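Each chain, written out:
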Amino acid sequence: MTKPWANEPFALIPSPTASKEVSKETLKVATDMCFVHNLFFRNLNAVHLQYEQVTKPEDIADFMVFCQCIHEGIHTHHHHEEEFFFPEVEVYTGQAGLMETNLQQHHAFEEGLKRFGQYVYSTKPHEYNPKDFKEILDSFTPALVKHLNDEIPTLLALEKYGGDKLLNLWQELEKRILAGAIDPYRVMPVALGSFDKTFDKNQVAPFPWFVPYLSWLWFSRKHKGAWRFSPCSIWSKPRELQFAMEK
Ligand SMILES: [Fe+2]
Ligand SMILES: [Fe+2]
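- An unreviewed UniProt entry annotates the chain as Hemerythrin-like domain-containing protein originating from Hyaloscypha bicolor E.

What follows is the structure in structure tokens.
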């Protein structure tokens, strides 16, 4: 008997393949987006595979913090795409409405994601009900999963407007996210714990080598119980999900 791991139920996205039609700049942006979306997938998979087995009050409290951090990551990513990235793509391409489909896809999971946030921030351990939790999860994950997959070919299709412009914008987006109000005690460990560096050699972490050491020595300590639910170690290697059921 083996335990399922965080590459299911939602399939991870492989990097797009290099071709003559796609510049290295466009390929880099699409691959980096796969990297980020796969962090979300692994964490959502870890939630799916463990939520039912979390029963002790202290475990539920930690699980809620784990889910809060996942919610923050997904919300922040899409907020910056909507507020900055998509409008700027429409500016440099000169194509008003080009990202409209993407925006509509964001709206399709927005309400459910908001409810998920409300639940994981407000629920006390004695109030936690796995059935309610799953109902909320199921209300937005199909639309989210579809969007996280669809956004990759959308980026590749921007090639015709200039890969260099797309890459500049992507780097600007990364700077904005890092300059925003992010909490390193939450963002750093939840991201490291959902990065599997053995998955795809092209999906590489956009942070310096010492970040895992910072997290290990300091930033992961504050909420250390929450990272028990992470699918990967602080060193970004896959590991067994503590609360998952054997198949
Ligand atoms: Fe995205
Ligand atoms: Fe998006």
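Don't stop here, the text continues.
### A closer look at the coordination of the iron ion (ligand 1)
(1) Moving on: Protein ligation of the iron ion (ligand 1) involves M33 (SD), H37 (NE2), H77 (NE2), E81 (OE) and E151 (OE), the donor distances falling in the range 2.0 to 2.7 Å.
(2) Moving on: The sequence pattern formed by the donor residues of the iron ion (ligand 1) is M-x3-H-x39-H-x3-E-x69-E.
(3) Moving on: A spacing of 3.5 Å is found between the iron ion (ligand 1) and the iron ion (ligand 2), which share E81 as a donor. Pair noted here: H37 is in helix α1 (residues 24–50) and E151 is in helix α4 (residues 130–156), with a separation of 114 residues, a long-range link.

### Quick notes on the coordination of the iron ion (ligand 2)
(1) Moving on: The protein atoms that coordinate the iron ion (ligand 2) are E81 (OE), H106 (NE2), H147 (NE2) and E151 (OE), at distances spanning 2.0 to 2.3 Å.
(2) Moving on: Around the iron ion (ligand 2) sit 4 donor atoms; with metal-centred angles ranging over 82 to 172°, the donor geometry is irregular.
(3) Moving on: Every donor residue of the iron ion (ligand 2) comes from the same chain, spaced as E-x24-H-x40-H-x3-E.

### A word on the side chain of H223
(1) Moving on: Here H223 lies in the segment after α7 (211–219).
(2) Moving on: Among the residues examined, H223 registers a relative accessible area of 19% and is labelled buried.
(3) Moving on: Beyond its immediate stretch of four places on either side in the chain, H223 contacts V65, Y185 and R186.

### With respect to α1
(1) Moving on: In a regular helix each residue adds 1.5 Å, so 27 residues correspond to 39 Å; α1 covers 39 Å between its end C-alpha atoms and thus fits that length.
(2) Moving on: Within α1, 24 of the 27 residues are buried, which leaves it mostly tucked inside the rest of the structure.

### Quick word on the side chain of H80
(1) Moving on: Checked against the element boundaries, H80 lands in helix α2 (residues 57–93).
(2) Moving on: A relative accessible area of 16% places H80 in the buried class.
(3) Moving on: Ignoring any residue separated from it by four or fewer positions in sequence, one finds H80 in contact with F85, L173, R176 and I177.

Each value, and the rule that gives it
Residues numbered from 1 in each chain as written. Chains lettered and ligands numbered in written order. Predicted model: local features only at pLDDT ≥ 70, side-chain atom pairs only at ≥ 80, totals over all residues. Heavy atoms only, no water. Donors = N, O, S within 2.8 Å, 3.2 Å for Na, K, Ca; no water. Helix = DSSP H or I, 4+ residues; strand = E, 2+ residues; numbered from the N terminus. Tetrahedral: all angles 85-135°; square planar, octahedral: opposite > 155°, others 65-115°. Buried < 20%, exposed > 50% of the residue type's maximum accessible area, 1.4 Å probe, protein only. Contact = heavy atoms within 4.5 Å. Expected span 1.5 Å × (residues − 1).

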